Amino acid sequence: MAAFWFVLSKGATMLVILGFCMIAVFMVLVMAKRMTPIAALIIVPIIFGLFAGHGLDMGDMVIESLLKLAPTAGLLFFAIIFFGTMIDVGLFDPLIRLILRFVKDDPVRLVVGTALLTTIVSLDGDGSTTFIIVTSALLPIYMRLGMNPVTLTVVAAMSNGVLNTVPWGGSTARASAALNVSPIDIFVPMVPAIAAGLLTVLVLGYFMGIQERNRLGKLELQASPGFLRKARVGEPEIIGADNGRSFTRAVYSERTATGSIGTPRTGSSVVISNNFAAELDGVKGILDRPNARPKLIWFNLILTLAVMVTLVVDVTEPVVIFMIAASVALVINFPRIKQQSEQLKAHADSVISVVGMVFAASVLTGVLDGTGMVDAMAKWLVGIVPDQMGPFMALIAGALSVPLTFIMTNDAFYFGVLPILAQTAEHFGIGGVEMARASLVGQALHQSSPLVASFLLLIGLANVNLADHFKKVIWRGAIVAGVMLLVGGLTLAYPLF
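Calculation rules
- Residues numbered from 1 in each chain as written.
- Predicted model: local features only at pLDDT ≥ 70, side-chain atom pairs only at ≥ 80, totals over all residues.
- Heavy atoms only, no water.
- Helix = DSSP H or I, 4+ residues; strand = E, 2+ residues; numbered from the N terminus.
- Contact = heavy atoms within 4.5 Å.
- Areas by Shrake-Rupley, 256 points an atom, 1.4 Å probe, with all protein chains shown as cover.
- Salt bridge = Lys/Arg side-chain N within 4 Å of Asp/Glu carboxyl O.
- Buried < 20%, exposed > 50% of the residue type's maximum accessible area, 1.4 Å probe, protein only.
- pLDDT = per-residue confidence, 0-100.
- Polar contact = N/O pair within 3.5 Å; in protein donor to acceptor, adjacent residues only side chain to side chain.
- Core = buried A, V, L, I, M, F, W, Y, C linked by side-chain atoms within 4.5 Å.
- Expected span 1.5 Å × (residues − 1).
- Bend = angle between axes of the 7 residues up to and from the residue.
- Patch = residues over 30% accessible without salt bridge, like charges linked within 9 Å, V, L, I, M, F, W, Y side chains within 5 Å.
- Axes fitted to C-alpha atoms, helices over the stretch in contact; angles between N-to-C directions.
- Parallel < 35°, antiparallel > 145°, perpendicular 65-115°, else oblique.
- Left-handed = near helix turned anticlockwise from the far one by under 90°.
- Nonpolar A, V, L, I, M, F, W, Y, C, P; charged D, E, K, R; others polar.
- Phe/Tyr/Trp six-rings, centres within 6.5 Å; stacked < 30°, edge-to-face > 60°.
- Lys, Arg positive; Asp, Glu negative; His and termini not counted.
- Charge placed at Lys NZ, Arg CZ, Asp CG, Glu CD.

Caption draft 1: Layout of the overall build of the protein chain. Along the protein chain, the regular secondary structure elements total 23 helices and four strands. Pairs at least 24 residues apart make up 73% of the contacts formed inside the protein chain by residues separated by at least 6 positions. Put simply, the protein chain shows about 20800 Å² of open surface, and 67% of that area lies on carbon and sulfur atoms.

Written out as structure tokens, the structure is:
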């Protein structure tokens, strides 16, 4: 039987079949949550490599791929530690406070502030942490003003998705690992496109704020005696008071306000009972950081700016820059060994999930390349793709990334679909790094995929219905992706044609 498979695997057709079957099995297992991405990235390629007639020689394939990915894994490891530390010590807190004070009681400012706050907090590459901070700081204000929390989830998800393209973000890390290219080489030429994406989110958020302002008017938050009354749709419903502090919630259906103070009632509304001043400041509990280092803020700011400038100038390998920066940040901000250890442990989950995934990807990429599957698949695709479509492969990859990363996980798209598209594009003179850049534009919508755990956390925290979110986010996310795709091509990050 083994000899039978070995003979068949020598044919290009069999390699194509095995390659596509391997990717299909990997995608099904990951999307059906039968295996973690790390386990699937290792087990599935090994099994199909055996079917292709290979055995112990797959070890050399994996090691060769692993050595190529080691710098990327190191970069992600220390970048997560560095930016996680900068957030923990409060480097971005003054800007966060400024944004939260800027929003005041104006729906338009609040929505724009949501985009800005999400953008800043997203720098650590952890979507769950970002959504927890943003919803904790801003959701009470949304509810007090009677604003629809779907606006918050839409703007936050799109902003976080655009920032998922930073070198240590999930999408860039996967594209880098799948195509064996530097995440910095992917990111830097995409900066104009990412900036355009963020600007588009701000513009879309501005108009969403205008809609909310027109619906509600500019509201003022004032402490007032508690009383019961019939609330109109979208209006904050005051249900009680205690020492001058009102307890309110937003009402999204026409009904009479009844019930006792602090008692949740039927419907989708949520009872909120926080102090007005704390909500407007937006800092109580959220920015009360036990590891804050206000005396070192200027040092940390200079260090962060130096890191960013050095990355752009490209004077040395990015992994070396982040290794040095992370070490300096830990030693200066946490001089005691115990503190340093606790800080490393605080970000262990993010490090393990991202870096472990990169190392596991070396098995998939190694087997695909070493067995000749990816070459056979690419040649087959080249044969069926009309020659006139070849120059548009980057545009095709970017366009496909919008729906595909919404209906499948990043792992499935970047490790299953992108390598084949990239290998095909090489036959038309388009490099892998250019295909990787184009593939990032779909992240603005991907972050609203029901397959993304952090997104489910976001709508859970905001108590938002999934269908309501989709109605507002799908076409807006597609617009953001389209703008990024166009600007990326115009700024020569990849060829449009």
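Structure shown, so let's carry the discussion forward.
Caption draft 2: Representation of the pattern of salt bridges. Scanning the model with the defined rule gives two salt bridges in all. Between Arg213 and Asp106 there is a salt bridge, with the nearest N and O atoms lying 2.7 Å from each other. In this pair, Arg213 is assigned in helix 11 (residues 191–216) and Asp106 in the loop between helix 5 (93–103) and helix 6 (107–121), connecting sequence segments 107 residues apart. Measuring nitrogen to oxygen at the nearest pair gives 3.0 Å for the salt bridge that ties Arg215 to Glu212. Within this pair, Arg215 and its partner Glu212 are both found in helix 11, separated by three residues, close to a single helical turn. Given the relative accessible area of 33%, Arg215 is considered partly exposed.

Caption draft 3: Seen up close, the confidence of the model for the protein chain. Looking at the protein chain, the pLDDT average stands at 77 and 80% of residues meet or exceed 70. The low-confidence segment residues 1–9, where pLDDT is below 50, has ten contacts with residues more than four positions distant or belonging to other chains. Scored below 50 in pLDDT, residues 218–286 makes 152 contacts in the model with residues more than four places away or belonging to other chains.

Caption draft 4: Spotlight on the side chain of Gln340. Within the fold, Gln340 resides in helix 15 (residues 337–346). A polar atom in the side chain of Gln340 sits 2.8 Å from the backbone oxygen of Phe334. Excluding residues that lie within four positions of it along the chain, Gln340 makes contacts with Leu330, Val331, Phe334 and Pro335.

Caption draft 5: Expanded view of the nonpolar core. Among the nonpolar cores identified, the biggest contains 143 residues, and Phe82 and Met435 are the most heavily contacted of them. Looking at this core, the element that brings in the most residues is helix 4 (residues 58–88), giving eleven residues. Setting aside residues up to four positions removed in sequence, Phe82 forms contacts with Leu303, Thr304, Val307, Phe322, Ala325, Ala326 and Ala329. Membership of the second largest hydrophobic core comes to five residues, among which are Met61, Val62, Val363 and Val367.

Caption draft 6: Representation of the environment of Ile297 within the structure. Mapped onto the secondary structure, Ile297 falls in helix 13 (residues 297–313). Once the C-alpha coordinates of Ile297 and Phe92 are considered, the two residues, 205 residues apart in sequence, prove to be 9.0 Å apart. The residues contacting Ile297, other than those within four sequence positions of it, are Leu91 and Pro94.

Caption draft 7: How the structure looks around helix 23 (residues 466–490). Helix length check: helix 23, at 25 residues, gives a terminal C-alpha distance of 35 Å against a target of 36 Å (1.5 Å per residue), a fit within 8%. A bend of about 35° at Val473 is the largest found in helix 23. Among the residues making up helix 23, those that are buried are His469, Phe470, Val473, Arg476, Gly477, Val480, Ala481, Met484, Leu485, Val487, Gly488 and Gly489. The first or second residue beyond helix 23 is Leu492, which carries a positive phi of 70°.

Caption draft 8: Highlighting a nonpolar patch on the surface. Judged by side-chain polarity, Ile38, Ile42, Ile43, Ile46, Ile47, Leu50 and Phe51 come together as a nonpolar surface patch covering roughly 530 Å² of accessible area. Within the secondary structure layout, Ile38 lies in helix 3 (residues 37–51).

Caption draft 9: Focus on the packing of helix 4 against helix 16 (residues 348–370). Axis separation between helix 4 and helix 16 bottoms out at 7 Å; the angle between their running directions is 155°. Put simply, helix 4 runs roughly antiparallel to helix 16. The two elements helix 4 and helix 16 meet at a crossing, and its hand is right-handed. Looking at side-chain class alone, the contact of helix 4 with helix 16 contains 19 nonpolar, seven polar and no charged residues.

Caption draft 10: Seen up close, the packing of aromatic side chains. Within the structure shown, the criterion is met by seven aromatic pairs. When the ring of Phe413 is compared with that of Tyr414, the centres are 5.0 Å apart and the planes differ by 85°; the resulting orientation is edge-to-face. Overall, the relative accessible area of 0% leaves Tyr414 in the buried class.

Caption draft 11: Structural context of a negative patch on the surface. A cluster of acidic residues, Asp57, Asp60, Glu64, Asp369, Asp375 and Glu426, forms a negative patch on the protein surface. Structurally, Asp375 is set in helix 17 (residues 373–384).

Caption draft 12: Region of the structure containing the side chain of Gln343. Within the secondary structure, Gln343 sits in helix 15. Not counting chain neighbours up to four residues away, the residues in contact with Gln343 comprise Gly84, Thr85, Asp88, Asn291, Leu330 and Phe334.

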